[in-house]
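Here is how the chains run, residue by residue.
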Amino acid sequence: MTGIAGIARQVERRTGIKTTARDVENILSCLQRVSHFWEVVYLSQKPFNIVAETVGILINEGLLENREDGTIGLTQAGKELVEVYRIYPKRHYACPHCERRGLDLSEFNELIKRFEQETKDRPEAVIDYDQGYVTSKTVISRIAMMAERGDLEGKKLLVLGDDDLVSLAAGLSELPQEVVVLEIDDRIIDYINKKAVQLELPVKAYKYDFRQSLPGEFVRAFDTFTTDPPETIEALEVVMKRGLAGLKGEGCAGYFGITKAESSFVKWREFQKMLLNKFDVTITDIIEDFNQYVNWGYLLESIRDDYSFVQVKPKLNWYRSSMYRIETVSGFSGVDNEPQECELYLDNEALIYKPVSLTK
Ligand SMILES: [Fe+2]
């Protein structure tokens, strides 16, 4: 029988993502609590590809069984293994009221309703731009958080990419002075502009690709930026650059979500170093699971199809991200605003990444 450390080494070899024995223990812990692959991905807070390979190997080793109804569960050998290694069922104490965000939204009930009503005819998520939008509660929580921190009321807000329609929610809240959306998808630009005119909101969307310089009129023009970036390290760098180039100077803030499903902690560490050392900002908040995404239609066709337990429709909103808030502190003097080519969507931690053995 392969030990836990041996399984971790196999997973690392297959995924190219650093994997520790503790990662495998964590997944075994989750497998004692839930029996759907996507729930294990959510509960373990580990990259999708690590969870997929770990589960695949555990099945091969006879420690886990893949049942006909698509669920997975420990075999007798698996149960003996977790006992020997003292791996216990995952504990989970998420607050059901605020969904872990720590915000009371009772003042925003009307806004949630209004936002849902006004965006019923929103464009659906498409794969071309890695889209997948968040729940209405998430959108309004973003508004509440920015408002609470003094980053929204009477302020100018820059939204970089907005399939979540945060701009419209911000406009409907009547808090910001002005909202500018920079977006690559014409469907979303047109939708936001049409709604903004219809509802008389101080919101305007323009066509923009992150890889271009931020247009001059938007440089040093905003108090706050918010974005939901693609998660290759290069994309994170470019998106931060554009957001920060848009800020007026010291004491301004940026908000964005980073997942664990598509970003390992090795990537998190690299990114955090970049924030502190290269961009000279401070990280004021990281709120786990703040952003909850509505399951998007193209998921199963866009990901690996070598494991049947992966090709199962998710039941819960399993894809979440941690909300980062960064702030420009004393001495912040802006960032360079040069055009920059980069791979936006694909690295070996991305959902759409297919291990080499699977690509033709
Ligand atoms: Fe709570």
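Residues numbered from 1 in each chain as written. Predicted model: local features only at pLDDT ≥ 70, side-chain atom pairs only at ≥ 80, totals over all residues. Heavy atoms only, no water.

Concerning unusual backbone geometry
Phase 1: Of note in this structure, glutamate 200 is not a glycine but carries a positive phi near 55°.
Phase 2: Exposure remark for glutamate 200: the relative accessible area of 72% places this residue in the exposed category.
Phase 3: Even without a glycine there, the phi angle at aspartate 280 is positive, about 60°.
Phase 4: Looking at the secondary structure, you find aspartate 280 in the loop between α11 (265-278) and β8 (281-292).
Phase 5: Classification of aspartate 280 as partly exposed rests on a relative accessible area of 42%. (Buried < 20%, exposed > 50% of the residue type's maximum accessible area, 1.4 Å probe, protein only. Helix = DSSP H or I, 4+ residues; strand = E, 2+ residues; numbered from the N terminus.)

Some remarks on the domain arrangement of the chain
Phase 1: You can read the domains of the chain as domain 1 (4-84) and domain 2 (106-333 + 342-358).
Phase 2: Computed from C-alpha atoms alone, the centre-to-centre distance between domain 1 and domain 2 is 31 Å.
Phase 3: Each partner contributes residues to the interface: domain 1 has 24 residues there, and domain 2 has 29 residues.
Phase 4: Between domain 1 and domain 2 lies a buried interface of about 2200 Å² when both sides are counted; carbon and sulfur atoms form 62% of it.
Phase 5: We note a salt bridge from glutamate 53 to arginine 304, for which the minimum N-O separation is 2.8 Å.
Phase 6: At the surface where domain 1 touches domain 2, the tally comes to 14 residue pairs in polar contact (both at pLDDT 80 or more). (Domains from an automatic or database assignment. Contact = heavy atoms within 4.5 Å. Buried area = accessible area lost by both parts, 1.4 Å probe. Salt bridge = Lys/Arg side-chain N within 4 Å of Asp/Glu carboxyl O. Polar contact = N/O pair within 3.5 Å; in protein donor to acceptor, adjacent residues only side chain to side chain.)

Quick look at the nonpolar core
Phase 1: The biggest cluster of nonpolar side chains holds 83 residues, and the ones touching the most others in it are Leu28, Phe37, Trp38, Ile143, Trp296, Val310 and Trp318.
Phase 2: Of the residues forming this core, the biggest block, 7 residues, is contributed by helix α4 (residues 48-60).
Phase 3: Taken domain by domain, the makeup of this core includes at least three residues from each of domain 1 (4-84) and domain 2 (106-333 + 342-358).
Phase 4: Ignoring sequence-local partners within four residues, the contact set of valine 310 consists of Phe37, Trp38, Phe48, Ala52, Leu300, Ile303 and Arg304.
Phase 5: By size, the runner-up hydrophobic cluster in this structure holds 34 residues, among which are Phe225, Leu275, Ile326 and Cys342. (Core = buried A, V, L, I, M, F, W, Y, C linked by side-chain atoms within 4.5 Å.)

Quick notes on the coordination of the iron ion
Phase 1: Around the iron ion, the donor atoms from the protein are Cys95 (SG) and Cys98 (SG), and they sit 2.3 Å away.
Phase 2: Residue cysteine 95 is classed as partly exposed on the basis of its relative accessible area, which comes to 31%.
Phase 3: Using a relative accessible area of 14% as the deciding quantity, one classes cysteine 98 as buried. (Donors = N, O, S within 2.8 Å, 3.2 Å for Na, K, Ca; no water.)

Here's the deal with the sheet that holds strand β7 (residues 253-258)
Phase 1: Taken together, 7 strands build an open sheet; the order of strands is β5-β4-β3-β6-β7-β9-β8 and the sheet is mixed. The two strands at the open ends of the sheet, each matched to only one other strand, are β5 (203-207) and β8. On average, each strand axis in the sheet is inclined to that of its neighbour by 20°, with strand direction left out of account.
Phase 2: Here 5 bridges tie strand β4 (residues 178-183) to β5, and the two strands are oriented parallel to one another. Looking at β5, one finds that valine 180 is bridged to lysine 204. (Pairing = 2+ DSSP bridges. Axes fitted to C-alpha atoms, helices over the stretch in contact; angles between N-to-C directions.)

Focus: α11
Since one α-helical turn is 3.6 residues long, residues separated by three or four positions face the same way.
Phase 1: Taking 1.5 Å per residue, 14 residues should reach 20 Å; α11 reaches 19 Å between its end C-alpha atoms and fits that length.
Phase 2: Where α11 is concerned, the buried positions are Lys267, Trp268, Phe271, Met274 and Leu275. Viewed end-on, α11 has its buried residues packed into an arc of 125°, placing them on one side of the element. What points out from α11, more than 90 degrees from its buried face, is the exposed set Arg269 and Asn277.
Phase 3: Of the residues flanking the end of α11, it is aspartate 280, one or two places downstream, whose phi is positive at about 60°. (Expected span 1.5 Å × (residues − 1). Arc of directions from axis to C-beta.)

Digging into the pattern of salt bridges
Phase 1: Under the definition given, this model contains 28 salt bridges.
Phase 2: A salt bridge links glutamate 349 to lysine 267, with the shortest nitrogen-to-oxygen separation between them at 3.7 Å. Here glutamate 349 is found in the segment after β9 (320-328), whereas its partner lysine 267 is found in helix α11, with 82 residues between them in sequence.
Phase 3: For aspartate 306, the salt bridge identified is with arginine 304, shortest N-O distance 2.8 Å.

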